[in-house]
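Observations on the three-dimensional arrangement
Listed below, chain by chain, are the residues.
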Amino acid sequence: MITVVNPGPLSLIQDLGRPHQSHLGVPRSGAADRYALTLANRLVGNREDAAGIETVLGGLQVSTDTATWVAVTGAPTEIWVNDIPTASHTVIHLAAADRLTVRTPPAGLRTYLVVRGGLDVEPVLGSRSTDTLSRIGPPALVKGQRIGVKESDRPVSGVEFAPSLPPRTRLQVSPGPRRDWFTDSAWQALLASTWTVTSDSDRVALRLNGPSLERRITDELPSEGLLRGAIQVPASGQPIVFGPDHPVTGGYPVIAVLTERACDHAAQARPGDRLTFTTSPQLHHRGH
Amino acid sequence: MSNNEVLNSEMAGTGGGTGRRLLPYGDQGVLVECADLQDTQRLLAALTHSVPPEVSELVPGARTVLLILDRPLGPASAKTVLTASADPERRTDHASVTIPVHYDGDDLDDAAGILGLSPDQLVAAHIGQLWTVAFCGFAPGFGYLLGDGALPEVPRRSSPRTRVPAGTVGLAGPFSGVYPREGPGGWQLIGRTDLVLWDTDREPPALLSPGTRVQFVDAEKGPSDAGEAAAEPRPGPR
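Every value quoted in this text rests on a predicted model; they were computed, and no experiment measured them.

What follows covers the pattern of salt bridges. Inspection of the entire model under this criterion finds 23 salt bridges over all chains. Of the charged contacts in the structure, one is a salt bridge between R178 of chain A and E224 of chain A, with a shortest N-O distance of 2.8 Å. Residue R178 of chain A is located in the loop between β13 (170–175) and α2 (184–192), and its partner E224 of chain A is located in strand β16 (residues 224–225); the two are separated by 46 residues in the primary sequence. For the pair shown, R178 of chain A and E224 of chain A are each scored as buried. Between R157 of chain B and D107 of chain B there is a salt bridge, with the nearest N and O atoms lying 3.1 Å from each other. One end of the pair, R157 of chain B, is in the loop between β7 (143–147) and β8 (161–164); the other, D107 of chain B, is in the loop between β5 (96–101) and α4 (108–115), and 50 residues separate them in sequence. Accessibility expressed as a relative area gives 25% for R157 of chain B, which makes it partly exposed. Shared partners join several salt bridges into a network, and the residues in it are R178, D180 and E224 of chain A together with R21, E33 and R63 of chain B.

Quoted interface sizes are often the accessible area lost when the parts come together. Residues and elements named next belong to chain A. The domains assigned to chain A are domain 1 (2–149) and domain 2 (170–278). If you average the C-alpha positions of domain 1 and of domain 2, the two centres end up 27 Å apart. Counting from both sides, the interface comprises 28 residues of domain 1 and, opposite them, 17 residues of domain 2. For the domain 1 and domain 2 pair, buried surface summed over both sides reaches about 1600 Å², with 48% attributable to carbon and sulfur atoms. At the boundary of domain 1 with domain 2, the tally comes to two salt bridges. Among the ionic pairs, E54 bridges to R203, the shortest N-O distance being 2.9 Å. Seen at the junction of domain 1 and domain 2, the total is 16 residue pairs in polar contact (both at pLDDT 80 or more). When residues of the side of domain 1 that touches domain 2 are traced back to their parent elements, those giving at least two are β2 (11–14) and α1 (34–43). Residues belonging to the side of domain 1 that touches domain 2 are distributed by class as follows: 13 nonpolar, nine polar and six charged.

It is a general feature of regular strands that their side chains alternate between the two faces of the sheet. Residue and element names in this part refer to chain A. Relative to strand β21 (residues 274–278), β13 runs parallel, the two sharing three bridges. Bridge pairing in β21 places Q172 opposite T278. Two strands pair when backbone bridges link them, and β13 and strand β20 (residues 254–258) are joined in this way by three bridges, in the antiparallel orientation. From the neighbouring strand, S174 faces β20, where its bridge partner is V257.

This next bit is on empty space enclosed by the protein. Residue and element names in this part refer to chain A. This structure, assessed with the given rule, holds one cavity of 30 Å³ or more. There is about 130 Å³ of room inside the largest cavity. Along the walls of the largest cavity sit 15 residues, with F242, G243, P244, A266 and A267 positioned nearest its centre. Elements supplying a minimum of two residues to the lining of the largest cavity: β15 (205–209), β18 (240–242) and α3 (260–266). In the lining of the largest cavity, the residues fall into 10 nonpolar, one polar and four charged.

Neighbouring strands of a sheet are bound in pairs by backbone hydrogen bonds; such pairs are parallel or else antiparallel. Residue and element names in this part refer to chain B. In spatial order, the strands read β1-β2-β4-β3; together these four strands make up an open sheet with antiparallel pairing. If you trace the sheet from one side to the other, it starts and ends with β1 (21–25) and β3 (55–60), each paired once. Averaged over all adjacent pairs, the angle separating strand axes in this sheet is 25°, with direction ignored. As defined by bridge partners, strand β2 (residues 29–33) adjoins strand β4 (residues 64–69) across five bridges and the pair is classed as antiparallel. What sits directly across from V30, in β4, is L67. Packing of helix α2 (residues 37–49) onto the sheet brings it into contact with β2, β3 and β4, and relative to β4 it is tilted by some 35°. Along the sheet face, helix α3 (residues 75–83) touches β1, β2 and β4 and points at about 125° away from the line of β1.

With that settled, the discussion passes to the pairing of strand β4 (residues 61–64) of chain A. All names here are of chain A. Across the two faces of β4 the burial is the same, with Q61 and S63 and V62 and T64 all buried. In the sheet, β4 pairs with strand β9 (residues 99–102) via three bridges, with the strands oriented antiparallel. Each bridged residue has a counterpart across the sheet, and for V62 the counterpart in β9 is L100.

Calculation notes
- Residues numbered from 1 in each chain as written.
- Chains lettered and ligands numbered in written order.
- Predicted model: local features only at pLDDT ≥ 70, side-chain atom pairs only at ≥ 80, totals over all residues.
- Heavy atoms only, no water.
- Salt bridge = Lys/Arg side-chain N within 4 Å of Asp/Glu carboxyl O.
- Helix = DSSP H or I, 4+ residues; strand = E, 2+ residues; numbered from the N terminus.
- Buried < 20%, exposed > 50% of the residue type's maximum accessible area, 1.4 Å probe, protein only.
- Domains from an automatic or database assignment.
- Contact = heavy atoms within 4.5 Å.
- Buried area = accessible area lost by both parts, 1.4 Å probe.
- Polar contact = N/O pair within 3.5 Å; in protein donor to acceptor, adjacent residues only side chain to side chain.
- Nonpolar A, V, L, I, M, F, W, Y, C, P; charged D, E, K, R; others polar.
- Pairing = 2+ DSSP bridges.
- 1 Å grid on protein atoms, 1.4 Å probe; cavity = no way out; pocket = protein on both sides within 12 Å on 5 of 7 lines; lining within 4 Å.
- Points joined across faces, edges and corners; volume = space filled by probe spheres on them.
- Axes fitted to C-alpha atoms, helices over the stretch in contact; angles between N-to-C directions.

Set out below in structure tokens:
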């Protein structure tokens, strides 16, 4: 088992979410940065969808009962084992009673801690993820909480150091289903402007501040399906970018949609960060 | 072929007279816009029987069905979703639920007034028709219910309430619905039920899913007054 010595500002258990429940009004949820969670799982020999801890802005501190392997990915940051500094994005061995601390990342928002075997909490609707909007799944971690860890007989990766996603503030989009509900100048403003991430951003959505995006069609939109990465423009004209805990349907037009990889980048945007959007393909440091 | 290429291909661009359109939704989905609410139900009924192999999940909306994709939608499947149609009334796989309602909602008088009805007439109209879940959304287990009777549309409240209790029964536009849990809401509230609509410890957790038939009955009246609908929901194929 592991013990949460300190959960930091916010630590949640996340796996790859609960697909196939949208028709019941339940979104997928799961890790905001899926690249990071799946990488950490591969490093310690877990299935890619094993549950780990998603923590915001560092501060997480855990201890282990027994010797094990862990990996920390996502926003690159300093990791301490007891009083010895080490690094994220590699496999870390912990001896029994060792204490691991995730320091505040210099840039980026979310860091993932994965333990070999994966965290063993009761799944809800097939997933161990916390959905903050639907209030499904385990509650946020608290100080002193003990969490079970599953057995694993798969080999730990021999990788010394795995690449993190390069930080990116220019996010790739394609036109969304309701692009034609907006004026051409609104579309150009979306692509040409610099958008500031506001402080009321969370796992449901990034809320952006910038020029108001003007509608060409001002009808009320009957509720329609949403996906992670959908950029919706509510009545205020200020776009919001949906994250993993998005509502299943929404009643405002979606002007553009992030690529799946851009969603992982967006998950690392902090309040105050400035983002731009582009329709140009981006090179990725990854095979798929 | 990318999703956008399918959308731009001549073959898939239009619904061949069905009034449907395929709209782009990034690299994870495609939105099928239907002619109207009824056409959406016909498409859903058809896709429930046979879903294209690229599609991992269907997210029905009022006038649309969002297809969540495992891989880009091919031309043959694009054609299928633009043309497939089945009679939703002939679906035999749907569940039936009877919902007893205490018709004492805060907006009952206002909503009736907007419709030019007395509160009793509004309640009678709500009970006197069979409702079907068109789609779910807003919150887990919240079904947007369409009636088969002639209840005129009621606008949403001009200012939403910040707190609507679980079990509250409301009206908005062409829909009726029951709040599965406490939350904000802008619907006209006409009553409440003691039935639990959403419980993750129950299998299935949601009482309502697309296609479920719903009969509202007056909880204040005995089973005899509530009518046969309470004891025996109408059978599926009608």
